[in-house]
Amino acid sequence: MTSTIRRRVRIPAVAVAAGALVLSACSSGGGGDSKDKQSKEPGLTQQSITIGTAQDSTGPAPDLPGAKPGGTVTVLQRDAFEHLDPGQIYVSDELIMQTLFNRTLTTYKIDDRTGRVTLVGDLATDTGKSSDGGKTWTYTLKDGLKFEDGTPITSKDVRHGVERLYAEYQVSGPTYLQQWLSGAGQTFRKALPDGPYKGKHLPDSVLATPDDRTIVFHFAQPRAEVPFAVAMPNITAVPATKDTKEKYDKAPVASGPYKIRNFKPDKSIEFVRNTNWDPKSDAVRHQYADRFAVTFGHQWVDSTRRLVAEQGADKTGMTFTNAVDPSLISTVLKNKDAMVRSLTKTQPYVDVVSFNMDRIKDKRVREALAWAWPSGQVLQQYGGVKAGEVAGSLVGPTLKGYQPVDPFEKKKYPAGNPEKAKALLKEAGAEGRTIVYAYANTGPAQNSAVVVERALEKAGFKVEKKELDSSTYYTQIGKVKNQYDAYRSSWGADWPSASTVVPPLYDGKNIYDDSANYSHLNSPAVNGDIAKAEKIGDIDRAGSEWVRISQKILTDEVPQVPIFYNRLFTLWGSGIGGVKFHEPYGAVDPTAVYVK
């Protein structure tokens, strides 16, 4: 896939982790007691996520005790939704938003009591049946599925939904399924360059719909993770007669319990009841509230203060992705009433600093940087323990096969280990080496840069700071010929497997402008490991192998140093119930929310 697509999805994720300045740049940060505090913070892990049965996929979703229909839920969001077309959705706030109106072949079922996550059939009766050694996957649609206008949903609508992803205008969404069906990178588009709009279709040997309820995918090699890939928002049903191509991005046809009304770009959007949604067909969603009224432009300070104060409509207010502003964390922690209606959960995003391997060719210099990096102090600039946990590995704790490794002892040395770094620099004959450090012009990044500069200078480096405009930051660090040695980024897995982390970030074929391989790692050994892992047909074995490869990359190549695993600390009003956390999307799940 083009990493322009992947980069775009993660820009808002980075923003979610980046609140206003909370502590001074000279703060010691990540002190000796931080490890104990982190261990007490709740957060799901990959062991919580299972693949469900056909019974798990059967609706209706169990009612919540005390839940009742009616009322309006107010949603305060900082960032406006750029896309409504499920084919174009790929950022965290849009991912969670689309669960209200869009249904996919599979989806995630979040237990309202325990928070346990199960992958279940959504439009489909189950998570899929594989055959031919995992190269063929068959899905059967449920009974009673309808679009918002009452038209029945058939396999032809799902086929159209998939085939339209091949059209040139579809540039922002995930491309896993298309690539697996029709070729890597952007070559998949050659299989259907005009999408389905000129009457052509993918051959039955690739995608077949033998009857109105059956969809069959054929792959060239075993694909164990198809059930997760078809949970992405773009693997959905789109009626060909209502497909307005680019204009569909403003007015998609709903298949879920709510439909879109009064969309005002950059200002607001409403989700109102879809009377043609059948709860008996849906094992995940409810339709308690009459309406979700979403407004944009609420900075974290604004949404935090409003949800704490609970004045007027804010009493039935919430947010999908806004966090408690770092400057107000201590205040909120002291407010018992607010803390009752809060959550702190681990997100699937990992903050890292990439080392430009075209400029820093000596592994020992990269190792010295990794040992010197003040990860704990940097985390403090983003909110401390409520914003994340100091990271030791390149993949986070929400992924299958995760192991808590820490080869550069970031939890032991949250301010870095300058002595270890000095020894490596001396061995490399690089004492006094200048490091050009690029960072965005946001408050936390600016103050982190001061912390980083002091830590690296203490370790024997010289530091040249380069401040970049946050609106073009990823474009600038994404240039292969950039003139920077080190720069921060954030990446989140698309489902609980490092298969959605390792290839896009560390495969040598992904070195080009706008690629997410920010370190420009091109190791024949790593490339070979990735190619082998992609052919593993068992999902559990593959998950462990992807984690093993990530650990090998970190220690053998040192293209990056992990900083922290992201957390979401957020609030809602006391006038609503049914709030829960959606771990795969790292956001607040609205599908069971009701007005008390």
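Conventions used here
- Residues numbered from 1 in each chain as written.
- Predicted model: local features only at pLDDT ≥ 70, side-chain atom pairs only at ≥ 80, totals over all residues.
- Heavy atoms only, no water.
- Core = buried A, V, L, I, M, F, W, Y, C linked by side-chain atoms within 4.5 Å.
- Buried < 20%, exposed > 50% of the residue type's maximum accessible area, 1.4 Å probe, protein only.
- Contact = heavy atoms within 4.5 Å.
- Axes fitted to C-alpha atoms, helices over the stretch in contact; angles between N-to-C directions.
- Helix = DSSP H or I, 4+ residues; strand = E, 2+ residues; numbered from the N terminus.
- Parallel < 35°, antiparallel > 145°, perpendicular 65-115°, else oblique.
- Pairing = 2+ DSSP bridges.
- Salt bridge = Lys/Arg side-chain N within 4 Å of Asp/Glu carboxyl O.
- Phe/Tyr/Trp six-rings, centres within 6.5 Å; stacked < 30°, edge-to-face > 60°.
- Lys NZ or Arg CZ within 6 Å of the ring centre and 35° of its normal.
- 1 Å grid on protein atoms, 1.4 Å probe; cavity = no way out; pocket = protein on both sides within 12 Å on 5 of 7 lines; lining within 4 Å.
- Points joined across faces, edges and corners; volume = space filled by probe spheres on them.

1. A look at the nonpolar core
Generally speaking, soluble globular proteins have nonpolar side chains that are buried together.
Then, number 1: If you look at the biggest cluster of nonpolar residues, it comprises 74 residues, and the most contacted ones within it are Phe355, Trp373, Leu456 and Phe461.
Then, number 2: For Trp373, the contacting residues outside a window of four places in its chain are Val353, Phe355, Val378, Lys410, Gly416, Tyr437, Val452, Leu456, Ala486, Val561 and Ile563.

2. Describing the packing of helix 16 (residues 524-533) against helix 17 (residues 539-557)
Then, number 1: One way to put it is that helix 16 packs onto helix 17 with a least axis distance of 10 Å and a crossing angle of 175°. Considering the angle they form, helix 16 stands roughly antiparallel to helix 17. Across the interface between the two elements, Val526, Asp529, Ile530 and Ala533 from helix 16 touch Glu545, Trp546, Arg548, Ile549, Lys552, Ile553 and Glu557 from helix 17.

3. Some words on the sheet that holds strand 12 (residues 317-318)
Then, number 1: Pairing within the open sheet is mixed, and its five strands lie in the order 9-10-11-2-12. Edge strands, defined here as strands with exactly one partner in the open sheet, are strand 9 (258-264) and strand 12.
Then, number 2: Sheet topology note: the strand 2 (residues 72-76)/strand 12 ladder contains two bridges and is parallel. Looking across to strand 12, one finds that Val75 is bridged to Met318.

4. A look at the sheet that holds strand 5 (residues 129-131)
One key point about sheets: their strands pair by backbone hydrogen bonds, in either a parallel or an antiparallel sense.
Then, number 1: Pairing is antiparallel in the open sheet, where four strands are placed in the order 5-6-8-7. The strands lining the two open edges of the sheet, one partner per strand, are strand 5 and strand 7 (207-211). When the angles between neighbouring strand axes are averaged without regard to direction, this sheet yields 25°.
Then, number 2: As paired elements, strand 7 and strand 8 (residues 214-218) share three bridges and run antiparallel to each other. Bridging across to strand 8, Asp211 finds its partner in Thr214.

5. A look at the pattern of salt bridges
Then, number 1: One pass over the full model with this rule turns up 35 salt bridges.
Then, number 2: For Arg341, the salt bridge goes to Asp337, with nearest N and O atoms at 3.0 Å.
Then, number 3: On the basis of relative accessibility, which here comes to 4%, the residue Arg341 falls in the buried class.
Then, number 4: A residue is classified by how much of its surface remains accessible, and Asp337, at 44% relative accessible area, is partly exposed.
Then, number 5: A single salt-bridge network, built from bridges that share partners, covers Arg103, Asp122, Asp282 and Arg285.

6. Some thoughts on the packing of aromatic side chains
Then, number 1: The full count for this structure, using the stated rule, is 23 aromatic pairs.
Then, number 2: With a centroid separation of 6.5 Å and an interplanar angle of 35°, the aromatic rings of Tyr108 and Phe228 are classed as tilted. Here the residue Tyr108 occupies a position in strand 3 (residues 106-110), and Phe228 occupies one in helix 6 (residues 226-229), the gap between them amounting to 120 residues.
Then, number 3: Classification of Tyr108 as buried rests on a relative accessible area of 3%.
Then, number 4: Exposure remark for Phe228: the relative accessible area of 5% places this residue in the buried category.
Then, number 5: Aromatic pair Tyr437 and Tyr439: ring centres 5.8 Å apart, planes at 25°, arrangement stacked.
Then, number 6: With relative accessibility at 8%, the residue Tyr439 sits in the buried group.
Then, number 7: An aromatic cluster is built from Tyr139, Tyr176, Trp180, Phe217, Phe219 and Trp495, whose rings are joined through pairwise contacts.
Then, number 8: One cation-aromatic arrangement involves Lys245 over Tyr197; the distance from NZ or CZ to the ring centre is 4.9 Å.

7. Description of empty space enclosed by the protein
In this approach, a probe sized like a water molecule rolls over the atoms, and the result shows the empty space that is left.
Then, number 1: Scanning all chains against the criterion turns up 13 cavities of 30 Å³ or more.
Then, number 2: Each pocket or cavity is described by its volume, and for the second largest cavity that value is around 70 Å³.
Then, number 3: As for the second largest cavity, its lining consists of 14 residues, of which Val350, Leu394, Val395, Trp491 and Val501 are closest to the centre.
Then, number 4: Elements supplying a minimum of two residues to the lining of the second largest cavity: strand 13 (342-355), strand 17 (486-492) and helix 15 (502-506).

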